[in-house]
Amino acid sequence: MASKFRVGDLVWAKMKGFPAWPGKVIEPKPEVKRPSNKKPMHFIFFYGSENYAWVFEENTFLYATNKDKFMPASRIPKGFKEAVEAIDEALEAMPTQMKNRQNDLPSIDEELATIFPERPEATKSAHRDYTREPLTGKTKKMKRKRLFKNHERRSPSPVLVDGEEPPVETAADDAETPEGATEQKMPRVRKPTQKKNELVKKAIKHATASQSGPSPKKIKLGTPRKSPKKPRMPSVRIPSELTTRKPQKNIIPTPCKIGFLGLGIMGSGMVRNLLKSGHEVTVWNRTIEKCKDFAALGALPGETPCDVVQSCDIIFSSVANPAALKDLVFGNCGVLQGISPGKSFVDMSSVDVETITDINEAITMRNGRFLEAPVFGSKEASEDGQLVVLAAGDRDLYDDCLSCFEAIGRKTYYLGEIGNGARMRLVLSMVLGTVIAGLSEGMALAGKVGLHQEDLLEILSLSSLNCSLFRSKGYAMMENSYNPRALLQNQQKDMRLSLNLGDEVDQPLAVAAAANEMYKKAKARGYGTSDVAAVFRAADI
(Lines give C-alpha, C1' and ligand atoms only; values in the text may rest on other atoms or scores of the structure.)
Protein backbone atom coordinates (compact mmCIF):
# COMPACT_ATOMS: atom_id res chain seq x y z
CA MET A 1 0.00 0.00 0.00
CA ALA A 2 1.34 3.40 -0.99
CA SER A 3 2.37 5.73 1.82
CA LYS A 4 0.36 8.88 2.46
CA PHE A 5 3.45 10.82 3.57
CA ARG A 6 6.93 11.39 2.25
CA VAL A 7 10.18 12.77 3.61
CA GLY A 8 9.88 16.49 4.31
CA ASP A 9 6.15 16.53 5.13
CA LEU A 10 5.17 18.58 8.20
CA VAL A 11 2.84 16.53 10.39
CA TRP A 12 1.14 16.00 13.72
CA ALA A 13 2.46 12.76 15.28
CA LYS A 14 0.59 11.01 18.10
CA MET A 15 2.25 8.50 20.41
CA LYS A 16 0.48 6.63 23.19
CA GLY A 17 0.58 8.54 26.46
CA PHE A 18 1.48 11.84 24.76
CA PRO A 19 -0.52 14.57 23.01
CA ALA A 20 -0.23 15.05 19.26
CA TRP A 21 3.04 16.92 18.64
CA PRO A 22 4.33 18.96 15.66
CA GLY A 23 6.94 17.08 13.68
CA LYS A 24 8.51 16.36 10.32
CA VAL A 25 8.93 13.14 8.34
CA ILE A 26 12.68 12.54 7.96
CA GLU A 27 14.98 9.79 6.77
CA PRO A 28 15.39 7.06 9.45
CA LYS A 29 18.46 7.24 11.66
CA PRO A 30 20.55 4.05 11.42
CA GLU A 31 21.04 3.95 15.19
CA VAL A 32 17.26 3.88 15.86
CA LYS A 33 15.87 0.39 15.23
CA ARG A 34 12.46 0.18 13.54
CA PRO A 35 9.86 -1.68 15.68
CA SER A 36 8.92 -5.13 14.42
CA ASN A 37 5.26 -4.15 13.92
CA LYS A 38 4.23 -4.62 10.25
CA LYS A 39 1.91 -1.59 10.14
CA PRO A 40 3.07 1.37 8.01
CA MET A 41 5.29 3.69 10.03
CA HIS A 42 7.22 6.92 9.49
CA PHE A 43 10.35 8.27 11.17
CA ILE A 44 9.35 11.58 12.78
CA PHE A 45 11.51 14.44 14.05
CA PHE A 46 9.68 16.24 16.89
CA TYR A 47 10.07 20.01 16.95
CA GLY A 48 10.87 21.64 20.29
CA SER A 49 12.13 18.46 21.98
CA GLU A 50 14.69 17.70 19.22
CA ASN A 51 13.83 13.99 19.56
CA TYR A 52 12.84 11.52 16.87
CA ALA A 53 10.94 8.23 16.83
CA TRP A 54 9.01 5.74 14.70
CA VAL A 55 5.27 6.58 14.58
CA PHE A 56 2.42 4.58 13.02
CA GLU A 57 1.02 6.14 9.84
CA GLU A 58 -2.49 5.92 11.27
CA ASN A 59 -1.34 8.26 14.07
CA THR A 60 0.25 10.75 11.66
CA PHE A 61 -1.65 13.71 10.16
CA LEU A 62 -0.73 16.63 7.90
CA TYR A 63 0.12 19.66 10.01
CA ALA A 64 -1.60 22.53 8.19
CA THR A 65 -4.98 20.85 7.65
CA ASN A 66 -5.24 19.53 11.22
CA LYS A 67 -3.88 22.49 13.20
CA ASP A 68 -7.25 23.48 14.65
CA LYS A 69 -7.92 19.87 15.62
CA PHE A 70 -4.75 19.28 17.63
CA MET A 71 -4.05 22.71 19.15
CA PRO A 72 -4.98 22.44 22.85
CA ALA A 73 -7.19 25.13 24.34
CA SER A 74 -5.76 24.73 27.84
CA ARG A 75 -3.06 22.89 29.79
CA ILE A 76 -0.38 23.55 27.21
CA PRO A 77 2.47 20.99 27.57
CA LYS A 78 5.96 22.26 28.26
CA GLY A 79 7.75 23.12 25.04
CA PHE A 80 4.57 22.95 22.92
CA LYS A 81 4.56 26.66 22.01
CA GLU A 82 8.21 26.50 20.92
CA ALA A 83 7.42 23.44 18.80
CA VAL A 84 4.49 25.18 17.06
CA GLU A 85 6.59 28.28 16.39
CA ALA A 86 9.39 26.15 14.91
CA ILE A 87 7.11 24.17 12.59
CA ASP A 88 5.30 27.35 11.47
CA GLU A 89 8.67 28.83 10.52
CA ALA A 90 9.51 25.64 8.61
CA LEU A 91 6.15 25.83 6.82
CA GLU A 92 6.76 29.45 5.79
CA ALA A 93 10.21 28.59 4.48
CA MET A 94 8.87 25.81 2.24
CA PRO A 95 8.69 26.23 -1.55
CA THR A 96 5.21 27.00 -2.89
CA GLN A 97 4.80 23.52 -4.36
CA MET A 98 5.59 21.88 -1.03
CA LYS A 99 3.24 24.28 0.79
CA ASN A 100 0.37 23.27 -1.48
CA ARG A 101 1.00 19.62 -0.70
CA GLN A 102 0.73 20.30 3.03
CA ASN A 103 -2.86 21.50 2.49
CA ASP A 104 -3.97 18.80 0.03
CA LEU A 105 -5.89 15.79 1.27
CA PRO A 106 -7.07 12.86 -0.88
CA SER A 107 -10.79 12.33 -1.28
CA ILE A 108 -12.48 9.28 0.18
CA ASP A 109 -12.83 7.71 -3.27
CA GLU A 110 -9.14 8.27 -3.98
CA GLU A 111 -8.18 6.63 -0.69
CA LEU A 112 -10.47 3.65 -1.46
CA ALA A 113 -8.92 3.34 -4.91
CA THR A 114 -5.48 3.27 -3.26
CA ILE A 115 -6.45 0.74 -0.59
CA PHE A 116 -8.39 -1.62 -2.95
CA PRO A 117 -6.62 -1.41 -6.32
CA GLU A 118 -7.99 -4.81 -7.34
CA ARG A 119 -11.61 -3.56 -7.38
CA PRO A 120 -12.51 -2.62 -10.98
CA GLU A 121 -14.87 0.09 -9.93
CA ALA A 122 -12.37 1.69 -7.55
CA THR A 123 -10.35 3.43 -10.24
CA LYS A 124 -13.41 4.61 -12.02
CA SER A 125 -15.10 6.03 -8.94
CA ALA A 126 -11.95 7.85 -7.86
CA HIS A 127 -12.27 10.25 -10.80
CA ARG A 128 -16.04 10.31 -11.27
CA ASP A 129 -17.77 13.70 -11.10
CA TYR A 130 -21.21 13.20 -9.64
CA THR A 131 -22.14 16.87 -9.84
CA ARG A 132 -22.56 16.68 -13.64
CA GLU A 133 -24.97 13.75 -13.72
CA PRO A 134 -28.75 14.35 -13.96
CA LEU A 135 -30.87 13.16 -11.09
CA THR A 136 -32.96 10.58 -12.97
CA GLY A 137 -34.39 7.22 -12.05
CA LYS A 138 -34.48 5.71 -8.63
CA THR A 139 -32.04 6.97 -6.07
CA LYS A 140 -31.10 5.54 -2.74
CA LYS A 141 -32.26 7.29 0.35
CA MET A 142 -29.42 9.40 1.68
CA LYS A 143 -28.67 9.55 5.38
CA ARG A 144 -29.46 12.94 6.81
CA LYS A 145 -26.59 14.80 8.38
CA ARG A 146 -27.07 17.06 11.33
CA LEU A 147 -25.50 20.35 10.33
CA PHE A 148 -26.36 22.42 13.36
CA LYS A 149 -25.67 21.81 17.00
CA ASN A 150 -28.97 23.38 18.05
CA HIS A 151 -30.78 20.43 16.42
CA GLU A 152 -32.42 22.55 13.73
CA ARG A 153 -32.75 20.31 10.69
CA ARG A 154 -33.64 20.81 7.08
CA SER A 155 -36.68 19.09 5.67
CA PRO A 156 -35.69 15.60 4.55
CA SER A 157 -35.50 14.74 0.85
CA PRO A 158 -38.25 12.19 0.02
CA VAL A 159 -37.63 9.05 -2.02
CA LEU A 160 -38.22 9.72 -5.73
CA VAL A 161 -40.30 7.24 -7.67
CA ASP A 162 -40.29 6.96 -11.48
CA GLY A 163 -42.69 9.48 -12.94
CA GLU A 164 -42.73 11.69 -9.86
CA GLU A 165 -41.48 15.24 -9.77
CA PRO A 166 -38.58 16.29 -7.59
CA PRO A 167 -39.26 18.35 -4.45
CA VAL A 168 -38.99 22.06 -3.83
CA GLU A 169 -36.10 22.45 -1.38
CA THR A 170 -34.62 25.27 0.65
CA ALA A 171 -30.93 25.99 1.02
CA ALA A 172 -28.86 28.06 3.44
CA ASP A 173 -26.87 29.58 0.55
CA ASP A 174 -28.32 31.29 -2.53
CA ALA A 175 -28.57 28.98 -5.57
CA GLU A 176 -29.04 30.61 -8.94
CA THR A 177 -31.58 29.24 -11.43
CA PRO A 178 -30.13 28.45 -14.85
CA GLU A 179 -31.96 29.69 -17.91
CA GLY A 180 -34.52 27.33 -19.31
CA ALA A 181 -35.01 25.46 -16.06
CA THR A 182 -38.58 25.09 -14.87
CA GLU A 183 -39.67 25.13 -11.28
CA GLN A 184 -40.84 21.80 -9.90
CA LYS A 185 -43.56 21.15 -7.42
CA MET A 186 -43.10 19.19 -4.22
CA PRO A 187 -43.36 15.41 -4.84
CA ARG A 188 -45.51 13.14 -2.76
CA VAL A 189 -44.94 9.48 -2.20
CA ARG A 190 -48.43 9.25 -0.78
CA LYS A 191 -51.10 11.65 -1.79
CA PRO A 192 -51.54 13.91 1.22
CA THR A 193 -54.67 15.78 2.07
CA GLN A 194 -54.81 19.53 1.51
CA LYS A 195 -54.73 20.13 5.26
CA LYS A 196 -51.56 18.06 5.73
CA ASN A 197 -49.94 19.81 2.76
CA GLU A 198 -50.56 23.21 4.36
CA LEU A 199 -49.07 22.02 7.68
CA VAL A 200 -45.93 20.81 5.88
CA LYS A 201 -45.53 24.16 4.10
CA LYS A 202 -45.93 26.05 7.39
CA ALA A 203 -43.29 23.82 9.06
CA ILE A 204 -40.81 24.41 6.22
CA LYS A 205 -41.49 28.17 6.31
CA HIS A 206 -40.96 28.27 10.09
CA ALA A 207 -37.72 26.26 9.90
CA THR A 208 -36.20 28.41 7.17
CA ALA A 209 -37.24 31.64 8.85
CA SER A 210 -35.49 30.63 12.09
CA GLN A 211 -32.13 30.32 10.33
CA SER A 212 -30.00 33.43 9.88
CA GLY A 213 -28.79 34.42 6.43
CA PRO A 214 -30.36 35.34 3.07
CA SER A 215 -33.83 34.27 2.08
CA PRO A 216 -33.90 30.79 0.58
CA LYS A 217 -34.61 30.24 -3.11
CA LYS A 218 -36.00 27.27 -4.94
CA ILE A 219 -33.58 24.80 -6.51
CA LYS A 220 -34.28 23.70 -10.07
CA LEU A 221 -33.92 20.25 -11.57
CA GLY A 222 -30.39 19.46 -12.77
CA THR A 223 -28.74 22.16 -10.67
CA PRO A 224 -26.01 20.80 -8.36
CA ARG A 225 -26.84 21.64 -4.80
CA LYS A 226 -24.30 23.79 -3.01
CA SER A 227 -22.95 22.32 0.17
CA PRO A 228 -23.74 24.46 3.20
CA LYS A 229 -20.78 26.41 4.42
CA LYS A 230 -19.24 25.02 7.54
CA PRO A 231 -18.87 27.55 10.34
CA ARG A 232 -15.28 28.70 10.67
CA MET A 233 -13.60 27.51 13.81
CA PRO A 234 -12.21 30.36 15.91
CA SER A 235 -8.44 30.51 16.01
CA VAL A 236 -6.96 29.06 19.18
CA ARG A 237 -5.18 31.62 21.26
CA ILE A 238 -2.81 30.21 23.83
CA PRO A 239 -2.78 32.20 27.07
CA SER A 240 0.65 33.64 27.68
CA GLU A 241 0.72 32.34 31.24
CA LEU A 242 0.41 28.78 29.91
CA THR A 243 3.22 28.99 27.38
CA THR A 244 6.14 29.82 29.62
CA ARG A 245 8.80 27.14 29.61
CA LYS A 246 9.48 27.59 33.28
CA PRO A 247 8.09 29.72 36.12
CA GLN A 248 9.15 33.35 36.02
CA LYS A 249 11.63 34.23 38.76
CA ASN A 250 12.14 37.69 40.19
CA ILE A 251 15.79 37.44 41.19
CA ILE A 252 17.96 40.21 42.56
CA PRO A 253 21.50 39.08 41.64
CA THR A 254 24.23 39.23 44.24
CA PRO A 255 26.82 42.01 43.75
CA CYS A 256 29.55 39.40 44.21
CA LYS A 257 31.53 38.33 41.16
CA ILE A 258 30.72 34.71 40.31
CA GLY A 259 33.11 32.15 38.85
CA PHE A 260 32.07 28.80 37.39
CA LEU A 261 34.39 25.87 36.65
CA GLY A 262 33.10 23.04 34.44
CA LEU A 263 30.70 23.46 31.50
CA GLY A 264 29.43 19.92 31.06
CA ILE A 265 25.83 18.72 30.72
CA MET A 266 24.78 20.16 34.09
CA GLY A 267 27.20 23.08 34.34
CA SER A 268 26.18 24.56 30.99
CA GLY A 269 22.54 24.88 31.99
CA MET A 270 23.41 26.40 35.37
CA VAL A 271 25.70 29.03 33.85
CA ARG A 272 23.05 30.06 31.30
CA ASN A 273 20.52 30.64 34.08
CA LEU A 274 23.04 32.62 36.13
CA LEU A 275 23.65 34.88 33.13
CA LYS A 276 19.92 35.24 32.42
CA SER A 277 19.27 36.33 35.98
CA GLY A 278 21.84 39.13 35.74
CA HIS A 279 24.86 37.63 37.54
CA GLU A 280 28.37 38.53 36.44
CA VAL A 281 30.01 35.18 35.63
CA THR A 282 33.56 34.18 34.68
CA VAL A 283 33.83 30.66 33.24
CA TRP A 284 36.51 28.04 32.71
CA ASN A 285 36.45 24.60 31.10
CA ARG A 286 39.10 22.09 30.08
CA THR A 287 38.01 22.56 26.44
CA ILE A 288 38.41 26.25 25.59
CA GLU A 289 35.80 26.10 22.78
CA LYS A 290 32.96 25.91 25.31
CA CYS A 291 34.18 29.06 27.02
CA LYS A 292 33.94 30.90 23.70
CA ASP A 293 30.29 29.88 23.34
CA PHE A 294 29.45 31.37 26.74
CA ALA A 295 31.50 34.48 26.08
CA ALA A 296 28.98 35.22 23.32
CA LEU A 297 26.26 35.12 26.01
CA GLY A 298 28.04 37.66 28.22
CA ALA A 299 30.35 35.48 30.33
CA LEU A 300 34.01 36.34 30.88
CA PRO A 301 36.50 33.57 29.95
CA GLY A 302 39.16 32.52 32.45
CA GLU A 303 42.54 31.02 31.52
CA THR A 304 42.97 28.67 34.52
CA PRO A 305 40.97 27.73 37.64
CA CYS A 306 43.44 29.74 39.72
CA ASP A 307 42.83 32.86 37.57
CA VAL A 308 39.07 32.50 37.99
CA VAL A 309 39.40 32.20 41.79
CA GLN A 310 41.62 35.29 41.98
CA SER A 311 39.24 37.42 39.89
CA CYS A 312 35.98 36.34 41.56
CA ASP A 313 34.38 36.34 45.02
CA ILE A 314 32.35 33.10 44.92
CA ILE A 315 33.50 30.21 42.71
CA PHE A 316 31.25 27.28 41.78
CA SER A 317 32.39 23.97 40.27
CA SER A 318 30.56 21.08 38.59
CA VAL A 319 32.65 18.15 37.34
CA ALA A 320 32.03 14.48 36.56
CA ASN A 321 33.66 12.52 39.40
CA PRO A 322 35.89 12.67 42.52
CA ALA A 323 39.13 12.33 40.50
CA ALA A 324 38.21 15.31 38.31
CA LEU A 325 37.32 17.40 41.37
CA LYS A 326 40.60 16.61 43.15
CA ASP A 327 42.57 17.53 40.03
CA LEU A 328 40.59 20.79 39.72
CA VAL A 329 41.32 21.79 43.34
CA PHE A 330 44.77 20.35 44.05
CA GLY A 331 46.26 20.31 40.53
CA ASN A 332 48.63 22.77 38.88
CA CYS A 333 47.04 26.26 38.65
CA GLY A 334 44.12 24.79 40.55
CA VAL A 335 41.53 26.30 42.87
CA LEU A 336 43.61 25.94 46.02
CA GLN A 337 46.43 28.10 44.65
CA GLY A 338 44.04 31.04 44.22
CA ILE A 339 42.30 30.74 47.61
CA SER A 340 42.96 33.57 50.06
CA PRO A 341 41.00 35.11 52.96
CA GLY A 342 37.59 36.24 51.71
CA LYS A 343 37.42 33.76 48.81
CA SER A 344 34.55 31.27 48.74
CA PHE A 345 34.35 27.92 46.96
CA VAL A 346 31.12 25.95 46.31
CA ASP A 347 31.23 22.48 44.76
CA MET A 348 28.09 21.15 43.04
CA SER A 349 29.46 17.79 41.84
CA SER A 350 28.17 14.36 42.84
CA VAL A 351 31.09 12.87 44.80
CA ASP A 352 31.75 10.85 47.96
CA VAL A 353 31.88 12.18 51.52
CA GLU A 354 35.61 11.59 51.89
CA THR A 355 36.48 13.78 48.89
CA ILE A 356 34.22 16.60 50.11
CA THR A 357 35.76 16.44 53.59
CA ASP A 358 39.33 16.66 52.24
CA ILE A 359 38.49 19.69 50.06
CA ASN A 360 36.71 21.44 52.94
CA GLU A 361 39.78 21.06 55.15
CA ALA A 362 42.14 22.36 52.44
CA ILE A 363 40.01 25.45 51.68
CA THR A 364 39.39 26.42 55.30
CA MET A 365 43.11 26.02 56.17
CA ARG A 366 43.76 28.88 53.73
CA ASN A 367 41.07 30.97 55.47
CA GLY A 368 38.62 30.47 52.62
CA ARG A 369 34.96 29.46 52.95
CA PHE A 370 33.57 26.19 51.58
CA LEU A 371 30.05 24.91 50.84
CA GLU A 372 29.01 21.68 49.20
CA ALA A 373 25.87 21.97 47.07
CA PRO A 374 25.34 18.92 44.82
CA VAL A 375 22.28 19.16 42.57
CA PHE A 376 19.64 16.57 41.73
CA GLY A 377 17.88 16.64 38.37
CA SER A 378 18.24 16.05 34.64
CA LYS A 379 19.70 18.03 31.76
CA GLU A 380 16.27 19.59 31.11
CA ALA A 381 15.96 20.63 34.76
CA SER A 382 19.38 22.25 34.55
CA GLU A 383 18.40 24.19 31.42
CA ASP A 384 15.05 25.27 32.91
CA GLY A 385 16.44 26.30 36.30
CA GLN A 386 14.48 23.54 38.03
CA LEU A 387 17.22 21.61 39.85
CA VAL A 388 17.07 20.67 43.53
CA VAL A 389 20.07 22.02 45.47
CA LEU A 390 21.37 20.00 48.45
CA ALA A 391 23.64 22.40 50.40
CA ALA A 392 25.71 21.75 53.53
CA GLY A 393 28.61 23.51 55.25
CA ASP A 394 29.24 27.23 55.89
CA ARG A 395 25.84 28.79 56.66
CA ASP A 396 26.94 32.38 55.94
CA LEU A 397 28.23 31.33 52.53
CA TYR A 398 24.92 29.54 51.93
CA ASP A 399 23.07 32.81 52.57
CA ASP A 400 25.40 34.69 50.20
CA CYS A 401 24.66 32.14 47.44
CA LEU A 402 20.85 32.26 47.66
CA SER A 403 20.38 34.38 44.53
CA CYS A 404 22.52 31.92 42.56
CA PHE A 405 20.64 28.91 43.94
CA GLU A 406 17.36 30.58 43.10
CA ALA A 407 18.50 31.07 39.49
CA ILE A 408 19.50 27.44 38.95
CA GLY A 409 17.01 25.57 41.12
CA ARG A 410 13.37 25.37 42.10
CA LYS A 411 14.13 24.32 45.70
CA THR A 412 17.21 24.58 47.93
CA TYR A 413 17.81 22.54 51.09
CA TYR A 414 20.35 23.36 53.78
CA LEU A 415 21.29 19.99 55.33
CA GLY A 416 23.73 21.05 58.06
CA GLU A 417 27.32 19.84 58.44
CA ILE A 418 29.75 19.05 55.64
CA GLY A 419 29.11 15.64 54.08
CA ASN A 420 25.33 15.63 54.42
CA GLY A 421 24.89 17.02 50.91
CA ALA A 422 26.98 14.21 49.42
CA ARG A 423 25.16 11.59 51.49
CA MET A 424 21.72 12.81 50.38
CA ARG A 425 22.80 13.00 46.73
CA LEU A 426 24.11 9.41 46.77
CA VAL A 427 20.94 8.04 48.39
CA LEU A 428 18.81 9.78 45.76
CA SER A 429 21.03 8.49 42.94
CA MET A 430 20.81 4.95 44.31
CA VAL A 431 16.99 5.06 44.31
CA LEU A 432 16.93 6.55 40.80
CA GLY A 433 19.35 3.95 39.45
CA THR A 434 17.49 0.96 40.87
CA VAL A 435 14.15 2.24 39.53
CA ILE A 436 15.48 2.70 35.98
CA ALA A 437 17.17 -0.72 36.10
CA GLY A 438 13.91 -2.31 37.24
CA LEU A 439 12.01 -0.61 34.42
CA SER A 440 14.56 -1.89 31.89
CA GLU A 441 14.07 -5.48 33.08
CA GLY A 442 10.30 -5.09 32.88
CA MET A 443 10.55 -3.75 29.31
CA ALA A 444 12.86 -6.61 28.32
CA LEU A 445 10.58 -9.25 29.87
CA ALA A 446 7.50 -7.81 28.16
CA GLY A 447 9.23 -8.04 24.79
CA LYS A 448 10.41 -11.61 25.37
CA VAL A 449 6.93 -12.94 26.24
CA GLY A 450 5.32 -11.29 23.21
CA LEU A 451 3.72 -8.25 24.84
CA HIS A 452 3.80 -4.81 23.30
CA GLN A 453 6.15 -2.59 25.28
CA GLU A 454 4.07 0.45 24.37
CA ASP A 455 1.05 -1.17 26.06
CA LEU A 456 3.13 -1.72 29.19
CA LEU A 457 4.06 1.97 29.34
CA GLU A 458 0.46 3.04 28.78
CA ILE A 459 -0.80 0.81 31.61
CA LEU A 460 1.92 2.16 33.91
CA SER A 461 0.80 5.69 33.06
CA LEU A 462 -2.71 4.84 34.27
CA SER A 463 -1.51 3.52 37.62
CA SER A 464 0.10 4.97 40.71
CA LEU A 465 3.46 4.45 38.95
CA ASN A 466 2.68 7.21 36.46
CA CYS A 467 5.61 9.64 36.26
CA SER A 468 7.66 11.51 33.67
CA LEU A 469 10.69 9.31 34.40
CA PHE A 470 8.92 6.12 33.29
CA ARG A 471 7.50 7.84 30.21
CA SER A 472 10.77 9.37 29.00
CA LYS A 473 13.10 6.48 29.82
CA GLY A 474 10.55 3.82 28.82
CA TYR A 475 10.04 5.22 25.33
CA ALA A 476 13.80 5.73 24.97
CA MET A 477 14.30 2.03 25.74
CA MET A 478 11.52 0.99 23.35
CA GLU A 479 12.95 3.07 20.49
CA ASN A 480 16.64 2.46 21.31
CA SER A 481 17.16 6.23 21.42
CA TYR A 482 19.83 7.15 23.95
CA ASN A 483 20.61 10.83 23.41
CA PRO A 484 22.46 11.70 26.64
CA ARG A 485 20.51 13.63 29.25
CA ALA A 486 22.19 11.90 32.17
CA LEU A 487 25.29 9.86 31.31
CA LEU A 488 25.16 6.16 32.13
CA GLN A 489 28.78 6.18 33.32
CA ASN A 490 27.97 8.92 35.87
CA GLN A 491 24.99 6.92 37.13
CA GLN A 492 27.18 3.85 37.56
CA LYS A 493 29.71 5.98 39.44
CA ASP A 494 26.99 7.15 41.83
CA MET A 495 25.78 3.55 42.32
CA ARG A 496 29.33 2.51 43.26
CA LEU A 497 29.73 5.42 45.68
CA SER A 498 26.37 4.72 47.32
CA LEU A 499 27.36 1.06 47.83
CA ASN A 500 30.60 2.22 49.46
CA LEU A 501 28.54 4.50 51.71
CA GLY A 502 26.42 1.52 52.74
CA ASP A 503 29.53 -0.54 53.53
CA GLU A 504 30.78 2.19 55.87
CA VAL A 505 27.72 1.80 58.08
CA ASP A 506 27.09 -1.95 57.44
CA GLN A 507 23.85 -1.29 55.54
CA PRO A 508 22.88 -4.14 53.15
CA LEU A 509 22.05 -2.83 49.66
CA ALA A 510 21.27 -6.02 47.73
CA VAL A 511 18.95 -4.46 45.14
CA ALA A 512 21.29 -1.55 44.48
CA ALA A 513 24.23 -3.95 44.13
CA ALA A 514 22.34 -5.98 41.50
CA ALA A 515 21.38 -2.81 39.64
CA ASN A 516 25.01 -1.65 39.70
CA GLU A 517 26.02 -4.86 37.90
CA MET A 518 23.56 -4.01 35.11
CA TYR A 519 25.10 -0.55 34.69
CA LYS A 520 28.60 -2.05 34.66
CA LYS A 521 27.50 -4.50 31.96
CA ALA A 522 25.97 -1.74 29.80
CA LYS A 523 29.07 0.39 30.29
CA ALA A 524 31.30 -2.53 29.20
CA ARG A 525 29.19 -2.81 26.03
CA GLY A 526 30.11 0.75 25.07
CA TYR A 527 27.09 2.69 26.39
CA GLY A 528 28.96 4.70 29.04
CA THR A 529 28.51 8.03 27.25
CA SER A 530 24.88 7.26 26.29
CA ASP A 531 21.82 8.17 28.32
CA VAL A 532 21.13 6.23 31.50
CA ALA A 533 18.22 4.53 29.70
CA ALA A 534 20.81 2.48 27.81
CA VAL A 535 20.96 0.15 30.84
CA PHE A 536 18.19 -1.58 28.88
CA ARG A 537 20.92 -2.97 26.61
CA ALA A 538 22.19 -4.96 29.58
CA ALA A 539 18.73 -6.46 30.23
CA ASP A 540 17.64 -7.08 26.62
CA ILE A 541 19.75 -10.13 25.72
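Residues numbered from 1 in each chain as written. Predicted model: local features only at pLDDT ≥ 70, side-chain atom pairs only at ≥ 80, totals over all residues. Heavy atoms only, no water.

Moving on: the overall build of the protein chain. Looking only at helices and strands, one finds 21 helices and 14 strands in the protein chain. Residues classed as buried in the protein chain amount to 40% of the 541 residues present. Excluding contacts between residues fewer than 6 apart, the proportion of contacts in the protein chain whose partners are at least 24 apart in sequence is 65%. Split by element, the accessible area of the protein chain, about 31,700 Å² in all, is 53% carbon and sulfur. (Helix = DSSP H or I, 4+ residues; strand = E, 2+ residues; numbered from the N terminus. Buried < 20%, exposed > 50% of the residue type's maximum accessible area, 1.4 Å probe, protein only. Contact = heavy atoms within 4.5 Å. Areas by Shrake-Rupley, 256 points an atom, 1.4 Å probe, with all protein chains shown as cover.)

Attention now moves to the confidence of the model for the protein chain. For the protein chain, the average pLDDT comes to 80, and 71% of its residues sit at 70 or higher. A low-confidence stretch, residues 121-187 stays under pLDDT 50, and its non-local contacts, those more than four residues away or across chains, total 88 contacts. Considering only residues more than four positions removed or in separate chains, one finds that residues 210-223, a stretch of pLDDT under 50, has 30 contacts. (pLDDT = per-residue confidence, 0-100.)

The end-to-end C-alpha separation of helix H16 (residues 420-448) is 43 Å, in line with the 42 Å expected for 29 residues at 1.5 Å each. Positive phi shows up at Gly450, right after H16, with a value of about 90°. (Expected span 1.5 Å × (residues − 1).)

This paragraph deals with the pairing of strand S2 (residues 21-25). Across the 5 residues of S2, 4 count as buried, placing the element largely inside the fold. Of the strand pairs in this sheet, strand S1 (residues 10-13) and S2 are connected by 4 bridges, and their pairing is antiparallel. Across the sheet, Leu10 pairs through a bridge with Lys24, a residue of S2. (Pairing = 2+ DSSP bridges.)

Here we take up the pattern of salt bridges. One pass over the full model with this rule turns up 11 salt bridges. Across the pair Glu517 and Lys520 runs a salt bridge, and its minimum N-O distance is 3.3 Å. With Glu517 and Lys520 both in helix H20 (residues 510-527), this residue pair falls 3 residues apart, about one helical turn. Glu517 sits in the partly exposed class, given a relative accessible area of 45%. Through salt bridges with shared partners, a single ionic network connects Arg425, Lys493 and Asp494. (Salt bridge = Lys/Arg side-chain N within 4 Å of Asp/Glu carboxyl O.)

Before going further, it helps to spend a moment on a negative patch on the surface. On the surface, Glu354, Asp358, Glu361, Asp503, Glu504 and Asp506 cluster together into a patch of negative charge. Elements that contribute at least two residues to the negative patch include exactly helix H12 (353-365) and helix H19 (488-504). No other element matches the 3 residues that H12 contributes to the negative patch. Mapped onto the elements, Asp506 comes out in the loop between H19 and H20. (Patch = residues over 30% accessible without salt bridge, like charges linked within 9 Å, V, L, I, M, F, W, Y side chains within 5 Å. Lys, Arg positive; Asp, Glu negative; His and termini not counted. Charge placed at Lys NZ, Arg CZ, Asp CG, Glu CD.)

In this section: the environment of Met15. Note that Met15 resides in the loop between S1 and S2. Residue contacts for Met15: discarding those within four places in its chain leaves Phe46, Ala53, Val55, Glu454, Tyr475 and Glu479.

In this structure, Cys333 takes a positive phi of about 55° despite not being glycine. Residue position: Cys333 is located in the loop between helix H10 (322-330) and helix H11 (335-338).

On the secondary structure map, Ser318 appears in the loop between strand S9 (314-317) and H10. Judged by relative accessible area, which is 12%, Ser318 ranks as buried. Dropping the residues within four chain positions of it, Ser318 is found in contact with Phe260, Leu261, Gly262, Met266, Gly267, Met270 and Ser349.

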